[in-house]
Amino acid sequence: MHIPDGYLGPATCGFFYAVMLPIWAVASKIVKKTLKTKQVPMLAVGAAFSFVIMMFNVPIPGGTTGHAVGGVLVAILLGPWAACIAITVALVIQAFLFGDGGLTALGANCFNMAFVMPFAGYYIYKTLSYHAPFDSNRRVIAAGVAGYIGLNVAAFLTGIEFGLQPLLHHTASGQALYCPYGLKVAIPIMAGQHLLIFGWVEAIVTALVVKFLQRQDPALIA
Amino acid sequence: MKITTKLWVGMAILIALSPLGLILPEHFKAGSAWGEWGADEVQALVGYVPKGLAKFASLWNAPIPDYAFKGWEEKGLPHLSFAYIISAIVGIAIVSMAAWLIGKMLAKKGD
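Conventions we followed
- Residue indices follow the written sequence of each chain, beginning from 1 at its first position.
- By the order in which they are written, chains take letters starting at A while ligands take numbers starting at 1.
- The predicted nature of this model means local features are confined to residues of pLDDT at least 70 and side-chain atom pairs, given and counted, to a pLDDT of 80 or more, with totals for whole chains, interfaces and linings taken over all residues.
- Secondary structure is summarised from DSSP: a helix means a run of H or I of at least four residues, a strand means a run of E of at least two, and numbering begins at the N terminus for each.
- It is over C-alpha atoms that the radius of gyration is taken, and the globule rule equals 2.2 Å times the number of residues to the power 0.38.
- Burial is judged by counting the other C-beta atoms within 10 Å of a residue's own C-beta: 20 or more makes it buried, 12 or fewer makes it exposed, and any count in between marks it as partly exposed, with every C-beta position built from the backbone.
- The contact criterion used is a C-beta to C-beta distance within 7 Å, with each C-beta placed from the backbone.
- To estimate how far a helix should reach, multiply one less than its number of residues by 1.5 Å.
- Residue-level confidence of the predictor is what pLDDT reports, using numbers from 0 through 100.
- All residues other than Ala, Val, Leu, Ile, Met, Phe, Trp, Tyr, Cys, Pro, Asp, Glu, Lys and Arg, Gly among them, are scored as polar; the first ten of these are nonpolar and the last four charged.

## Overview of the overall build of chain A
- If you tally the helices and strands in chain A, you get 7 helices and 2 strands.
- Relative to the 2.2 N^0.38 estimate, which gives 17 Å for 222 residues, the radius of gyration of chain A is 18 Å and therefore close to what a compact globule would have.
- If one aligns the C-alpha atoms of chain A with their principal axes, the spans along those axes are about 60 × 40 × 30 Å.
- Here chain A holds 222 residues, and the buried ones make up 63% of them.
- In chain A, once contacts between residues fewer than 6 apart in sequence are set aside, the share between residues at least 24 apart is 75%.

Here's what the structure looks like:
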């Protein structure tokens, strides 16, 4: 769901940069207060993990591909604000160095994957694991569910952003200027393929890593 | 072994396995991610290239486009897999250093 350049019109691109700037500012302010020096290596690992897990494109045979993001996992480990920063770093490098996701769409991509996804996933995890012992299986399941929903919320938003473009920008003859597919196509496809396939990949990755970390040091996933 | 050390070992395994993200889609004949087509693919899908898309699609020339070296596009899976692994290593190095630096600048001292 890395929206490339040319798919979102100037209004949408500008809007999401305008939304993300204060979010990044608040994120650095809060992380400044909450992140401990000993957590810095974990922030680096989390950003790197998110970067590399997004390289594992999962095919829908004969169709498209998609991938996990790791955004909920990083949020469980470091909190949603630190996750926002970690995933933003991964998305910025992907866009500039590898052309994965557009520069004009970077605000929107960060909103979907570095803001909404970690926050949605984090609070779902917190709710589902409420009062669960650190070493309980409920935490593993909560992490999987949070990963599944977190990725799907992000995919749904991406579908809306794509689908709004033909409404916002078209020629007199009705040809789209940017993404050519409207809401009726973009939302069902983005939501459908993540509900059916990619969400499960995110769920399994998130649950497995939480299970592993739980065995290493249960306090990590508090 | 420290937990972060173990996680870096895991990262090395993921780097080695990363070409799966290239090979599996190829094997199962899966194309681009939805909404991430090049201009020619859009032309084939909807019969025209939207004007704004044509204008902005190649706004940025990434140094390692799509995790492949420039000019290697037709070289076949083994070469592309090699480029993919190098991309993973380079990307992880830069991402983790940038996140580490930001973390160092922000984190509170003392604990």
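That was the structure; now back to the text.
## Side note on helix 1 (residues 10-34) of chain A
- With 25 residues, helix 1 of chain A ought to run about 36 Å at 1.5 Å a step, and its terminal C-alpha atoms sit 35 Å apart, in line with that.
- For helix 1 of chain A, the set of buried residues is Thr12(A), Cys13(A), Phe16(A), Met20(A), Ala27(A) and Val31(A).
- For helix 1 of chain A, the secondary structure elements touched by its buried residues are helix 4 (80-98), helix 5 (106-128) and helix 6 (137-168) of chain A together with helix 5 (77-106) of chain B.

## Describing the confidence of the model for chain B
- In the predicted model, chain B carries a mean pLDDT of 93, and 97% of its residues have values of at least 70.
- The spread of mean pLDDT over the elements of chain B runs between helix 3 (residues 39-46) of chain B, the lowest at 94, and helix 5 of chain B, the highest at 97.

## Examining the interface of chain A and chain B
- Listed as interface residues are 64 residues of chain A and, on the opposing side, 58 residues of chain B.
- For the side of chain A that touches chain B, the secondary-structure elements that each account for two or more residues are helix 1, helix 2 (40-53), strand 1 (58-59), strand 2 (65-66), helix 4 and helix 7 (183-216) of chain A.
- It is helix 2 of chain A that contributes the most residues to the side of chain A that touches chain B, 11 residues altogether.
- Grouping the constituent residues of the side of chain A that touches chain B by class yields 39 nonpolar, 18 polar and 7 charged.

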